[in-house]
Structure formats: structure tokens, C-alpha cells
Amino acid sequence: MAGAVSHVYAVGLGEQGSPAAALLAMAQPPWHRDAACKEYDQALFFRFPARPSQPDTSAEARTICQRCLVQAECLALALADPSLVGVWGGTDEAQRRTLRRWEQVALVNGM
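An account of the accompanying structure is given in this report.

Procedures and definitions
Residues numbered from 1 in each chain as written. Predicted model: local features only at pLDDT ≥ 70, side-chain atom pairs only at ≥ 80, totals over all residues. Heavy atoms only, no water. Helix = DSSP H or I, 4+ residues; strand = E, 2+ residues; numbered from the N terminus. Buried < 20%, exposed > 50% of the residue type's maximum accessible area, 1.4 Å probe, protein only. Contact = heavy atoms within 4.5 Å. Areas by Shrake-Rupley, 256 points an atom, 1.4 Å probe, with all protein chains shown as cover. Polar contact = N/O pair within 3.5 Å; in protein donor to acceptor, adjacent residues only side chain to side chain. Arc of directions from axis to C-beta. Salt bridge = Lys/Arg side-chain N within 4 Å of Asp/Glu carboxyl O. Core = buried A, V, L, I, M, F, W, Y, C linked by side-chain atoms within 4.5 Å. Lys, Arg positive; Asp, Glu negative; His and termini not counted. Disulfide = S-S within 2.5 Å.

Describing the overall build of the chain
Secondary structure assignment for the chain yields 4 helices and 0 strands. Sequence-ordered secondary structure for the chain, helices as α and strands as β, is α-α-α-α. Taking all 111 residues of the chain together, 41% fall into the buried category. The long-range fraction of contacts in the chain, counting pairs at least 24 apart against all pairs at least 6 apart in sequence, stands at 51%. Element-wise, carbon and sulfur atoms account for 59% of the exposed surface of the chain, whose accessible area totals about 6700 Å².

What follows is the structure, encoded as C-alpha cells:
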């Protein structure tokens, strides 16, 4: 699906007034042109099994992220905005919550 809009800019991501919503309204950041996700169906990054009969696509999405040249930039965006859902920078929401907690602990401990 070459030329598709990356999930960074997919409509409806992030809450109204969130950093992601503000980003959605701006021009694409320079790193976006190198995002691997823009070559794939964006639903892949958001389809997780709500029911056991649905396929879990998170592993496939993370595999794409692992090959991405701008995974770090994407992850930084996702860590900065807790309202984002789906796979961003190779992580899902639960993994990003854990990373944010570790970051807070490190700050408190002066690391």
C-alpha cells in the first residue's frame, strides 16, 4: 500500500487537545518520510483481538517497527502522548505505560 498515510497521521488518533491531535494538524515531521509503516495498511497497527476469533496483528506491526529507520523518533512521539493507541515505535500502550513508569522512577532516583 505504497503512499498510504502513516498511522502517525491517521484520523481520530489521540484525544482532542492532545499533543498527537496538535501534530495531526501540522505538517509531517521530517522523519516521517522514512517511516516503514507508511507502506502498510494502517489498520495493521490498530487491529488487536477484541474477541478470540479476531487475529492479533500486534506482532506483525512490531516486526515492521523493528525494521524502521525512525523507530526511535516514533517511540519518542508515543511516549510523549499517553493518549495514543495501537503500536507506535514497536510498542503497545501497556509497554509504553511501563516505559513511562521506569522513566519516572529513574528521575526520582536521580539516574
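Observations regarding the side chain of Thr91
Tracing the sequence through the fold places Thr91 in the loop between helix H3 (71-80) and helix H4 (93-108). Among the polar contacts made by the side chain of Thr91, one reaches the main-chain carbonyl oxygen of Trp88 at a distance of 2.9 Å. Those residues within four positions of Thr91 in sequence are excluded, and the remaining contacts are Arg62, Leu75, Gly86, Arg96 and Leu99.

A short note on helix H2 (residues 58-66)
For H2, the complete set of buried residues consists of Ser58, Ala61, Arg62, Ile64 and Cys65. Buried residues in H2, looked at end-on, bunch into an arc of 155°, giving them a common side. Residues Ala59 and Gln66 are exposed on H2 and point more than 90 degrees away from its buried face. Turning to H2, the residues buried within the fold contact H3 and H4.

A look at the pattern of salt bridges
Tallied over the full model, the rule gives 1 salt bridge. For Arg62, the salt bridge identified is with Asp92, shortest N-O distance 3.7 Å. Here the residue Arg62 occupies a position in helix H2, and Asp92 occupies one in the loop between H3 and H4, the gap between them amounting to 30 residues. Of the two residues, Arg62 and Asp92, both sit in the buried class.

Side note on the nonpolar core
If you look at the biggest cluster of nonpolar residues, it comprises 17 residues, and the most contacted ones within it are Phe45 and Trp88. Of all the secondary structure elements, the ones that give two or more residues to this core are H2 and H3.

Observations concerning the side chain of Arg100
Position of Arg100 among the secondary structure elements: in helix H4. Comment: no salt bridge for buried Arg100; closest opposite-charge side chain is Asp81, at 6.6 Å. Of note is the side chain of Arg100, whose polar atom sits 2.9 Å from the backbone oxygen of Ala78. Beyond its immediate sequence surroundings of up to four residues, Arg100 is in contact with Ala78, Leu79, Asp81 and Pro82.

Remarks on the state of the cysteines
Each disulfide is one covalent bond, formed between the sulfur atoms of two cysteines. With the rule as written, the count across this model stands at 0 disulfides. Here Cys74 is not cross-linked by a disulfide; its sulfur's nearest cysteine counterpart is in Cys65, at 6.1 Å.

None of the figures reported here should be taken as evidence of function without further support.
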